[in-house]
Amino acid sequence: MKILIVEDETKLAQILQQGLKENGYIADWVGDGATGLEMALSGSYDAVILDVMLPAMDGFEVLSRIRKTRSTLPVMMLTARTNVDDRVRGLDFGADDYLSKPFDFKELLARLRAVTRRPQVEIRSKLTVADLELDSKSHEVRRGGKLIDLTPKEFGILEYLLSRKGLVLTRAMIMDHVWPSDSDYNGGSNLVEVYVNFLRKKIDQGQSVKLIQTIRGAGYMIQDHP
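Per an unreviewed UniProt entry, the protein chain goes by the name DNA-binding response regulator and belongs to Geothrix edaphica.

Draft legend 1. Spatial organisation of unusual backbone geometry. Here Lys101 and Pro102 are connected by a cis peptide whose omega angle stands at -10°. Mapped onto the fold, Pro102 is located in the loop between strand 5 (97-100) and helix 5 (105-116). One non-glycine residue, Ala130, adopts positive backbone phi at about 50°. With respect to the helices, strands and loops of the structure, Ala130 is situated in the loop between strand 6 (126-129) and strand 7 (132-135). Here the phi dihedral of His139 falls at roughly 60°; this positive angle occurs in a residue that is not glycine.

Draft legend 2. Representation of the sheet that holds strand 1 (residues 2-6). Pairing is parallel across the open sheet formed by five strands, whose spatial order is 2-1-3-4-5. In the strand order of this sheet, the two ends are held by strand 2 (26-30) and strand 5, each with one partner. Strand-to-strand, the axes of this sheet are offset by a mean angle of 20°, without reference to chain direction. The pairing of strand 3 (residues 47-51) with strand 4 (residues 75-79) spans four bridges and is classified as parallel. From the neighbouring strand, Asp51 faces strand 4, where its bridge partner is Leu78. In the packing of helix 3 (residues 59-69) onto the sheet, the strands contacted are strand 3, strand 4 and strand 5, and the crossing angle to strand 4 comes to about 175°. Each of strand 1, strand 3, strand 4 and strand 5 touches helix 5; the most contacted strand, strand 5, lies at about 170° to it.

Draft legend 3. Summary view of the nonpolar core. Counting 27 residues, the largest nonpolar core has Leu132 and Leu158 as its most contacted members. Residue contributions to this core peak at six residues, all from helix 7 (residues 152-163). If near-sequence neighbours (up to four positions away) are discounted, Leu132 is found in contact with Leu127, Val141, Arg142, Arg143, Ile148, Leu158, Leu162, Ile203 and Leu211. With 21 residues, the next largest nonpolar core counts Val6, Val30, Ala40 and Ile66 among its residues.

Draft legend 4. Here's a closer look at the pairing of strand 11 (residues 219-222). Two strands pair when backbone bridges link them, and strand 10 (residues 212-215) and strand 11 are joined in this way by four bridges, in the antiparallel orientation. Bridged to Thr214 within strand 11 is Tyr220.

Draft legend 5. Spotlight on the packing of aromatic side chains. In total, this model carries one aromatic pair according to the counting rule given. Between Tyr195 and Phe198 the ring centres are 5.9 Å apart and the planes differ by 75°, which places this aromatic pair in the edge-to-face class. Residue Tyr195 and its partner Phe198 are located together in helix 9 (residues 191-203), separated by three residues, close to a single helical turn.

Draft legend 6. A look at helix 3. Within the span of helix 3, buried status applies to Gly59, Phe60, Val62, Leu63, Ile66 and Arg67. One face of helix 3 carries all of its buried residues, which in axial projection span an arc of 160°. Turned more than 90 degrees from where helix 3 packs its buried face, Lys68 and Thr69 sit exposed. Put simply, Asp58 is the residue that caps the front of helix 3, since its side-chain oxygen is 3.1 Å from the backbone nitrogen of Phe60.

Draft legend 7. Broad picture of the sheet that holds strand 8 (residues 140-143). An order of 6-7-8-9 is seen for the four strands of this open sheet, with the pairing classed as antiparallel. Looking at the sheet topology across the chains shown, the edges are occupied by strand 6 and strand 9 (146-148). When strand polarity is set aside, the average angle formed by the axes of neighbouring strands in this sheet is 25°.

Draft legend 8. Inspection of the pattern of salt bridges at higher detail. Evaluation of the coordinates by the stated rule reveals 12 salt bridges. Between Lys101 and Glu7 there is a salt bridge, with the nearest N and O atoms lying 3.1 Å from each other. In this pair, Lys101 is assigned in the loop between strand 5 and helix 5 and Glu7 in the loop between strand 1 and helix 1 (10-22), connecting sequence segments 94 residues apart. Classification of Lys101 by relative accessible area gives buried; the value is 15%. Under the relative-accessibility criterion, Glu7 is labelled buried at 0%. A salt bridge links Asp97 to Arg111, with the nearest nitrogen and oxygen atoms 2.8 Å apart.

Cut-offs applied
- Residues numbered from 1 in each chain as written.
- Predicted model: local features only at pLDDT ≥ 70, side-chain atom pairs only at ≥ 80, totals over all residues.
- Heavy atoms only, no water.
- Helix = DSSP H or I, 4+ residues; strand = E, 2+ residues; numbered from the N terminus.
- Pairing = 2+ DSSP bridges.
- Axes fitted to C-alpha atoms, helices over the stretch in contact; angles between N-to-C directions.
- Contact = heavy atoms within 4.5 Å.
- Core = buried A, V, L, I, M, F, W, Y, C linked by side-chain atoms within 4.5 Å.
- Buried < 20%, exposed > 50% of the residue type's maximum accessible area, 1.4 Å probe, protein only.
- Phe/Tyr/Trp six-rings, centres within 6.5 Å; stacked < 30°, edge-to-face > 60°.
- Arc of directions from axis to C-beta.
- Polar contact = N/O pair within 3.5 Å; in protein donor to acceptor, adjacent residues only side chain to side chain.
- Salt bridge = Lys/Arg side-chain N within 4 Å of Asp/Glu carboxyl O.

Shown next, in the form of structure tokens:
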């Protein structure tokens with residue numbers, strides 16, 4: 001699962017980013033509201049952790065604009081403000097949750113899990129193609145009922161392919177979704193190809209039907225009837 005952190009306190013943002021990564025998330029961080037809005041609307045993120053006090057555009061305005069086009073994107077707001085009126089305002093603007101600073105990281109994780117398993121994202125918790133099933137909540141992948149052990153990057157690629165089943169995804173699209181935006185990736189690298197090959201060996205081993213297709217000159221696709 002890919003999380004966007006929009007927070008202008010550098011130290012806090014870095015702690016959040018590292019903590020999320022250690023708990024199996026992919027986490028990107030930006031420090032101003034305008035950039036945060038642009039990234040949130042890109043369709044690359046499964047949830048947003050959004051500070052209220054931001055340069056360029058405050059969190060309430062960012063949230064309001066997100067809700068105009070991405071009404072179901074889970075958004076958790078963070079703020080140093082503790083009065084009831086601010087919390088009510090955030091919820092009225094469409095926040096899924098509201099957490100006051102300082103907070104316990106374990107509580108943030110619990111709340112993040114809660115907002116990302118609500119009905120609007122529950123639909124996507126289990127993704128299937130042929131006899132392959134991926135469970136986004138448990139991070140389990142099975143083919144023909146057999147459990148397959150995947151690395152976080154392999155899981156992320158498979159989850160992205162399954163969520164866009166039947167569509168061709170370019171290497172750049174996969175890179176943008178699965179790797180953090182601050183990655184040292186060079187567009188000319190074969191990193192995505194290497195990981196796709198690792199993934200193929202695990203999910204297609206001993207199988208007559210190969211699920212991930214290479215579309216020459218375009219990218220990769222997964223569909224029900226390869």
